[in-house]
Structure formats: C-alpha cells, structure tokens
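Chains, contacts and geometry: an overview
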Amino acid sequence: MVPSHREPRWDPSIVDEARARGIVVATPSAEDVARGFPESPAHDFGKFIERVPGAVLRPDSQEQLDVCVALLAGHGVPFKVRGAGHCSGGQTLIADGAVLDLRDLCWVVEDRPDEDALVVEAAATWLEVCEYLREAGRSPSNLTMNWRTTVAGSLMTGGFGDASHHEGPQINMVRGLELLTLDGTRHQVGPGDPLFDYTLAGRGQLGVVTQVTLATVPRVWSIVARSYTWQSIEDYLHDLPILTRELRCDVVRTRISWTRGRVLGAAGYNSADLSAAPPDYGFRGRAGEAQVIDLFAAGGEGPNDHWLPACPALELILPYAPEDPAGSAALLEELRRQVVDAGLATYTPIGSAIMSLPPASVAPHAPLAPLLSGPSHVVVLRPEVPVAKVPALLPALEAIGRWCYAQGGKHYLVGIEPPGLLDLERQFGPALAPFRRLKAQWDPNGLLNPGLLD
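Residues numbered from 1 in each chain as written. Predicted model: local features only at pLDDT ≥ 70, side-chain atom pairs only at ≥ 80, totals over all residues. Heavy atoms only, no water.

Section: the environment of Ala298
Quick reminder of the rule: Think of it this way: any DSSP run of H or I at least four residues long counts as a helix, any run of E at least two long counts as a strand, and we number them from the N terminus.
Checked against the element boundaries, Ala298 lands in helix H9 (residues 295–299). In sequence terms Ala298 and Met145 are 153 residues apart; their C-alpha atoms lie 9.8 Å from each other.

The structure is reproduced here in structure tokens:
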C-alpha cells in the first residue's frame, strides 16, 4: 500500500534494489542525454525541453512491471510512464524522479476475432498492431495517423484517427483496460467503471495501463481517393459536410496552408476499386485524379526530415458550425492571421492538419476527452523550429492558446504547457471534480505522471 501523504522525493537506493530484482536500470549519462529524441529519456518529440531523470527503469515483463511500480511507490519516488515519448510539452519527462520505460511491453495478448476485438500490451505501437491485424484483413476501428506512437500513449490523451470525423476520438473504440494502481492491484475495467472512464484521456494519473482491448473492423488495406484543392478556407468548409456527411468518406485528411489560406487534402474509401472513388464534380474545390493508395505502405513509413527540428506544438480544439461555413471560416481566418503575424507560418512548410469532429450527441465520449459538446475542429499547429528560436516563438503560441480558450475551445494535451496556459476548469469542466477525487484516492502523493494536477 502507498504510504499516505508522503512528500515525493528522489531516492537513489531504488537503482540498486531494482537491479537486484533483475530490472534493467539506466542512470542517464551526459552522452545519453545528448543523443536527443527518441533515444534520450531527457527529451521528447518537442526537442526543446530537457529534464534528466534520476533513473530509467525498463521492465521486460508484466511481473517486472509489478516490481518497478512497487519500488517506486514504496519509496515515494515520482515517475513518468513513457512509451514513444511523442509529445511536445515535456509530458513524459521528469527531473529528479524516474522514468518507467514500457517499450518492451508491446505484445499481442489475445486475439478475439469472433468479438471483433484485440487485446494488446500498452506499449504496442499502432504499427505493430497493424502488422498483426493486416494478415487477418482487419484493422483498429479508428486508426491513428502516426503509427509510431503507442496504443496507451494515444489513449491517455484521447487520440484521433482516420474515422474520427465519424466516431470521435480513439478512446471510443476501447472495450476494456487493465490498470495497475500504486497499491499493486491490477484492475480489469470497462465502460461505466470510474477507473475506466477517467483513465481514458486522463494522461496516466490514476494507474499504469498494462493492457488494452481494442475494437477491430474488417478492412481492405488500400484506399481509393481523390485529392482536392480549395482556394479558401470558406470553400473548404462548404465542401466538408459533403465529404463527411453526404458521401460518408472513410478517410478525409486535409491541411491548411497558413501563408496562402488554401486547404489541400484527400478523401476516399477503403477499397481497391478506382470506380469507388468520390466524385470529381459538385465541389468548390478542384478535384484530382482518382488513385489507389497502399494504406500500409503509407502508414508504415518511418521518421522523415520533418521529425528533426524542434516542435513546440499547439493542438487546438475549436468550435465548428457546419451550417455556417462563413462564420466558421472567419474563426479559422482569425487563427490564420495570428499564425502569420507571429511568423509561425514560416515554420509550417507542410501546413497544419485540420480534422472535423462530430458532436457528443453523435459520438458520446469519456468525460476527459478533449472535445466540445458540439461539432469541432482539431487544428494541429506543429511548427518545425531551430531550437534556438523556440523561446522567441513561445509567447505567440501561448497567446494563440489563450485565444482558443476565449473562443470556447480546448487544447489537445500533447503540446506546450507553459505556466498559466492550461486552464483545467475550461479543459475538463464538470469532470474535473470527480477526476481529482479519484486522483486523491488512487495516488494521494502525486507520484504518477506529475504535472497535470499540480
């Protein structure tokens, strides 16, 4: 049992104790830190924050994971749980604490094809999940865009995927969780259990997710699609309901060019039949030729040059009124003005991804999901910046973050979190109070992933 009201502290004795129990433990050297993302435990995808942990514990089995959590909790050591580290605000980084590196806990636990479900360990990447399911002609029901992230990493922030314009966040496809709390108990939880409902999108505050049961669907691993070019944001918003509501496209991916105000994208269906492509007429946007895309080849591509610079990301959830494309376009044009005036457009060479999300009445979601009650947009502002220039750009990003809240929006909690920017009351609303009660019950000393509720 976790001692009550112990002041969190770094205790170097856990290094020898963990090693004595057969755990691989690293105490980061200067060379380890200098390796940078993704090898360094002191850096995340943002690549502009450095926090050096006292130790990195890397269990290679669920039994070793139990030992690690018992040691950290018993010694009152704060720790971050890390998989791929694909955040930009230091969410998986800690100084004078420990990192619990779960990368080796990535196995398929059980396939349940008759139930359209797959059970995987938490640190399995979406690429590993897809490699397994492709052989059976199946897929996760809502597949993320970045297959190099881990399953639990996505679900602890909500996750968005290729079906989110119909189904909402990825957490909606979770059938069950196994959660290891700091008292050493493994909980098998599902919808309606507070530990399930408030773990999803809860950034690992209540326990360590060990296994996830995902919904799967039959899938052809190719997409027949057309590209579209819209000369204005308003034209794009005029056509968006046609693609998402009328044509019910399986995949709709679009990006805003901040400098020119154009929107480029593609839409299509899970099919290998060119005749099944969306039409090339009836839109304000210009349609390209139909083409068949190998989904696995595209999604399985490795890191590229866009991963190299620092990335002080800011991912926004903004209100969207499909019945008022002009009004919704005005809001995005105001965002565009801020991005351009701040000089941020220079650092978004491929533009910023934008995705529409349905209202809660269409796609109900867990209480902590970073969504609005009505239709919304996710706007992914990920500037690619030389590290030395990040401090000069942070004030503009913070101002845009505050502007988002003023519009009734929210943040997707993987980006920058400077002091005073994250408004928990606006972010979580009435779910904040029960979330805090659960935190006080299951982690009274604030050891798990400190930072969100501090």
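Comments concerning helix H13 (residues 432–442)
The condition is simple: Exposure is judged per residue with a 1.4 Å probe applied to protein chains only, and the accessible area is read against the type maximum: over 50% gives exposed, under 20% gives buried, and values in between give partly exposed. Here the arc refers to the directions that run from the helix axis out to each C-beta atom. What makes two residues a contact is simply this: any of their non-hydrogen atoms within 4.5 Å.
Every buried residue of H13 is listed here: Leu432, Pro434, Phe435, Leu438, Lys439 and Trp442. Seen along its axis, H13 keeps its buried residues to an arc of 165°; they face one direction. Residues of H13 that are exposed and point over 90 degrees away from its buried face: Arg437 and Gln441. Of the surrounding elements, those touching the buried residues of H13 are strand E9 (186–189), helix H7 (194–197) and helix H12 (424–428).

Here we look at the pattern of salt bridges
Two side chains with opposite charge may pair up if their charged atoms get near one another. As a reminder of what qualifies: A side-chain nitrogen of Lys or Arg and a carboxyl oxygen of Asp or Glu constitute a salt bridge if their distance falls within 4 Å.
The final tally for this structure, using the stated rule, is 18 salt bridges. One salt bridge in this structure joins Asp162 and Arg219, with 2.7 Å as the shortest N-O distance. Here Asp162, found in the loop between helix H5 (151–155) and helix H6 (164–167), pairs with Arg219, found in the loop between strand E10 (208–218) and strand E11 (222–230); they are 57 residues apart in sequence, far enough to count as distant. The exposure class of Arg219 is buried, given its relative accessible area of 9%.

As for the pairing of strand E17 (residues 352–357)
Spelled out, the test is: We treat two strands as partners when DSSP finds at least two bridges between them.
By the criterion of burial, E17 is predominantly enclosed, with 5 of the 6 residues buried. The sheet contact formed by E17 and strand E18 (residues 376–381) spans 5 bridges and is antiparallel. Residue pairing across strands places Ala353 opposite Val380, the latter belonging to E18.

What to know about unusual backbone geometry
Negative phi values dominate among residues other than glycine, just as trans dominates among peptide bonds. Cis rather than trans, the peptide bond between Phe37 and Pro38 has omega equal to 5°. Within the secondary structure layout, Pro38 lies in the loop between helix H2 (30–34) and strand E2 (55–58).

Observations regarding the sheet that holds strand E4 (residues 98–101)
Our working rule: Note on geometry: axes are lines fitted to C-alpha atoms, helical ones only across the stretch in contact, with angles between N-to-C directions running from 0 to 180 degrees.
One open sheet holds the 4 strands; their spatial order is E1-E2-E4-E3, and the pairing between them is mixed. Looking at which strands have only one partner, the edges of the open sheet turn out to be strand E1 (24–26) and strand E3 (79–82). The mean inter-strand angle of the sheet, taken between neighbouring strand axes irrespective of direction, is 20°. Summarising the sheet, E2 and E4 pair through 3 bridges and their orientation is parallel. In the strand pairing of E4, Ala55 is matched with Ala98. The strands that helix H1 (residues 13–20) touches are E1 and E2; relative to E1, the one it contacts most, it runs at about 155°. Along the sheet, helix H3 (residues 62–74) contacts E2, E3 and E4; its crossing angle with E4, the most-contacted strand, is approximately 165°.

Here we look at the environment of Ala95
Summarising the element assignment, Ala95 is placed in the loop between E3 and E4. For the pair Ala95 and Pro53, spaced 42 residues apart in sequence, the C-alpha separation works out to 4.6 Å. For Ala95, the residues in contact, after removing those within four places along its chain, are Arg51 and Val52.

Purely spatial values, then, with no claim about function.
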